[in-house]
Amino acid sequence: MIYYYLAPLAAEYSFLNVVRYLTFRSVLAALIALVLSFVLGPRLIRALRAGQIRQPVSEFAPEGHALKTGTPTMGGFLILTAMLGSVLLTADLTNFYVIMTVLVIVGFGAIGWWDDYLKVTRGNNAGFSARVKFAAQVLVATVAMTALYMRPEFDPTLSVPFMKHFNPNLGLVYIPFAVLVIVGTSNAVNLTDGLDGLAIGPVMTTAATYAILTYAAGHAKIAGYLLIPRVPGAGELAIVCAAIATASLGFLWFNTYPAQLFMGDVGSLPLGAALGTVAVVSKNELVLIIAGGVFLVEALSVIIQLTSIKLRGKRVFRMAPIHHHFELTGWPEPLIIVRAWIISIICALVTLASLKLR
Ligand code: 57M
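Residues numbered from 1 in each chain as written. Predicted model: local features only at pLDDT ≥ 70, side-chain atom pairs only at ≥ 80, totals over all residues. Heavy atoms only, no water.

**Here's the deal with the side chain of E333**
Phase 1 of the analysis: Along the chain, E333 turns up in helix α14 (residues 333–356).
Phase 2 of the analysis: Residue class for E333 comes out buried when judged on its relative accessible area of 12%.
Phase 3 of the analysis: Among the polar contacts listed, one links the side chain of E333 to the backbone nitrogen of D196, at a separation of 3.0 Å.
Phase 4 of the analysis: Every residue in contact with E333, bar those within four places of it in the chain, is listed here: K68, L195, D196 and Y257. (Helix = DSSP H or I, 4+ residues; strand = E, 2+ residues; numbered from the N terminus. Buried < 20%, exposed > 50% of the residue type's maximum accessible area, 1.4 Å probe, protein only. Polar contact = N/O pair within 3.5 Å; in protein donor to acceptor, adjacent residues only side chain to side chain. Contact = heavy atoms within 4.5 Å.)

Dropping the structure here:
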C-alpha cells in the first residue's frame with residue numbers, strides 16, 4: 001500500500017522516489033515485520049493462554065517433552081500476521097508472483113489452522129486424516145503452479161546448481177515437479193518443528209538466502225552477470241522473503257528454549273510452502289535442497305526409518321525425525337537446536353557460493 005499510494009507522488013516529491021527501490025522496500029518490510037512480531041507476540045501469548053489453546057504432548061515423545069505440556073500453540077498466527085501485514089504495506093500488490101505466493105501462504109495456513117484446531121479441541125495429537133491434509137496441500141499447490149505455468153513468460157526449464165549449461169526443459173511435467181517442491185518443503189518444515197526454535201532458525205536463514213536469490217533473479221544486470229535465469233518481476237519476492245525472515249526472528253524471541261509458544265501447523269505448513277514457492281518462481285528450485293539442508297535431513301530420516309522398519313523390521317534411528325534420535329542419545333535440547341542453526345547457516349553460505357561457482 002505504501003508503494004501503491006506513494007510511488008505515483010514521486011513525480012511531485014522527488015524524495016518519494018525511494019519507495020520505487022526494491023532494496024529500500026525490502027529493508028522496510030523486514031523492519032515492519034520485526035516490530036509487528038515483537039508488539040503482537042505477548043498479546044497473542046496472553047490470548048492463547050486465556051483461550052486454553054495448548055499443544056497436547058504425545059505420550060510417545062522423549063521424556064523431556066512432558067515439561068512442555070500446556071505450552072500455547074498456533075503461534076504461526078503471529079508469524080503470518082507480521083509477515084502478511086508487512087507485505088501488504090510494502091510490496092507491489094499488482095505483482096502476480098506476490099499475489100500467488102500470498103495466496104499459497106493463506107491456503108496452507110488455513111490447512112494448518114484446521115489441523116491445529118482439531119488437535120487442540122480434541123486434546124490429542126491426531127488432527128485430521130493425513131490423506132485429506134496431503135490432498136488439500138496438493139490441491140492448493142496445483143492451482144498455484146498451473147496458474148504460474150500458464151503465464152506467457154513462464155519458462156519450464158530447470159536451473160541446476162553449479163552447472164550453468166545444463167537446463168533440462170520439463171514441459172508440462174514442471175507442474176507436478178513444482179507441486180512436489182512446495183508440498184515436500186511444507187511437510188519437511190513441519191517434521192522439523194519438534195524442538196524449541198529448531199524449525200524457525202533454518203526458516204529464517206533459508207528465507208534470508210532467498211531474499212538475495214529472488215532479488216538477483218529479478219535484476220537484469222545481476223542475473224546477466226551471474227548467468228542465472230532472469231525472471232522479471234520475481235525481485236518483488238525479496239520483500240516477501242525479508243518479511244518472512246524477520247517475522248521468524250521476532251517469533252524466535254518467544255519460541256527459543258524454553259519456549260513460551262509453539263508455531264503449530266498454522267505456522268510450519270505455510271512457511272515451508274512459501275519457501276518452496278519462492279524457490280520455484282525464482283528458478284532456484286533444486287538449490288533449495290542445499291539451502292533447506294536441515295529440512296531435507298529431517299525428512300530423509302523419517303523416510304529411511306519408515307523404509308527400514310517396513311523392509312527389515314528394524315529401526316535405523318532410535319526415533320525419527322532425527323532430532324528425537326539425538327535427544328534419546330542424551331544430547332541436551334539446546335545443543336541439538338543450535339547445531340541445526342549452525343548447519344543451516346553453512347547451507348546458506350554454500351547456496352550463495354553456488355551463484356558464482358557455476
Ligand atoms: C508434527 N509435532 C511435534 C507444535 C509444533 C511420520 C511421522 C514421522 C510424523 C511425525 C509428525 O507427526 N510430525 C509432525 C510434529 C509437536 O509439536 C507441535 O506440532 C507443531 C508442528 N506441526 O509447532 O505445535 C511436539 O514437538 C515439540 N515441540 C517443541 N518445541 C517447538 O517449538 O518442543 C514443537 C515445537 C510438541 C513438543 O513436544 O508437542 C511432535 O513431535 O509431535 N511424527 C513424529 O515426529 C513422531 N515420530 C515417530 O512416531 N517416529 C517413529 C516413526 C517414524 C516410525 C519412529 O521413529 O519409530 C514423534 N512425535 C511425537 N513424539 N510427538 C514421536 C514422539
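**Quick notes on the packing of helix α5 (residues 130–149) against helix α6 (residues 174–192)**
Phase 1 of the analysis: Put simply, α5 and α6 touch, their axes get as near as 9 Å, and they point 135° apart. One way to sum up the angle between α5 and α6 is to call them oblique. Note that α5 runs across α6; the crossing there is right-handed. For the pair α5 and α6, the contacting residues are K133, F134, Q137, V138, A141, T142, M145, T146 and Y149 in the first and Y174, I175, A178, V179, I182, V183, S186, N187 and N190 in the second.
Phase 2 of the analysis: Looking at the contact of α5 with α6 residue by residue, the class counts come to 11 nonpolar, 6 polar and 1 charged. (Axes fitted to C-alpha atoms, helices over the stretch in contact; angles between N-to-C directions. Parallel < 35°, antiparallel > 145°, perpendicular 65-115°, else oblique. Left-handed = near helix turned anticlockwise from the far one by under 90°. Nonpolar A, V, L, I, M, F, W, Y, C, P; charged D, E, K, R; others polar.)

**Quick look at the site of the ligand**
Phase 1 of the analysis: Around the ligand there are 31 residues in total, and Q55, H65, N190, D193 and D265 lie nearest to it.
Phase 2 of the analysis: Between the ligand and A61, the relevant distance is 3.4 Å, taken from a nitrogen atom to a main-chain nitrogen or oxygen of the residue.
Phase 3 of the analysis: In the environment of the ligand, a nitrogen atom lies 2.3 Å from a nitrogen or oxygen atom belonging to the side chain of N190.
Phase 4 of the analysis: Protein contacts shield 82% of the accessible area of the ligand, which totals 1,100 Å² for the unbound molecule. (Near = heavy atom within 4 Å. Areas by Shrake-Rupley, 256 points an atom, 1.4 Å probe, with all protein chains shown as cover.)

**Here we look at the pattern of salt bridges**
Phase 1 of the analysis: Under the definition given, this model contains 9 salt bridges.
Phase 2 of the analysis: Note that K68 is salt-bridged to D196, the shortest N-O span being 2.9 Å. Taken as a pair, K68 in the loop between α2 (22–50) and α3 (76–90) and D196 in the loop between α6 and α7 (200–218) lie far apart in primary sequence, 128 residues in all.
Phase 3 of the analysis: Two residues, E333 and K68, come together in a salt bridge whose shortest N-O distance is 2.8 Å. Of this pair, E333 sits in helix α14 while K68 is found in the loop between α2 and α3, placing the two residues 265 residues apart along the sequence.
Phase 4 of the analysis: Relative accessible area serves as the criterion here: at 10%, K68 is assigned to the buried category.
Phase 5 of the analysis: Overlapping salt bridges, with partners in common, bring together D115, K119, K133 and D265 in one network. (Salt bridge = Lys/Arg side-chain N within 4 Å of Asp/Glu carboxyl O.)

**Side note on the packing of α7 against helix α9 (residues 237–255)**
Phase 1 of the analysis: Between α7 and α9, whose axes approach to 8 Å, the crossing angle comes to 165°. Here α7 is positioned roughly antiparallel relative to α9, judged by the angle of their axes. As α7 runs across α9, the sense of the crossing is left-handed. Side by side, α7 and α9 meet where I200, V203, M204, A207, A208, Y210, A211, T214 and Y215 of the first sit next to L237, A238, C241, A242, I244, A245, S248, L249, F251, L252 and N255 of the second.

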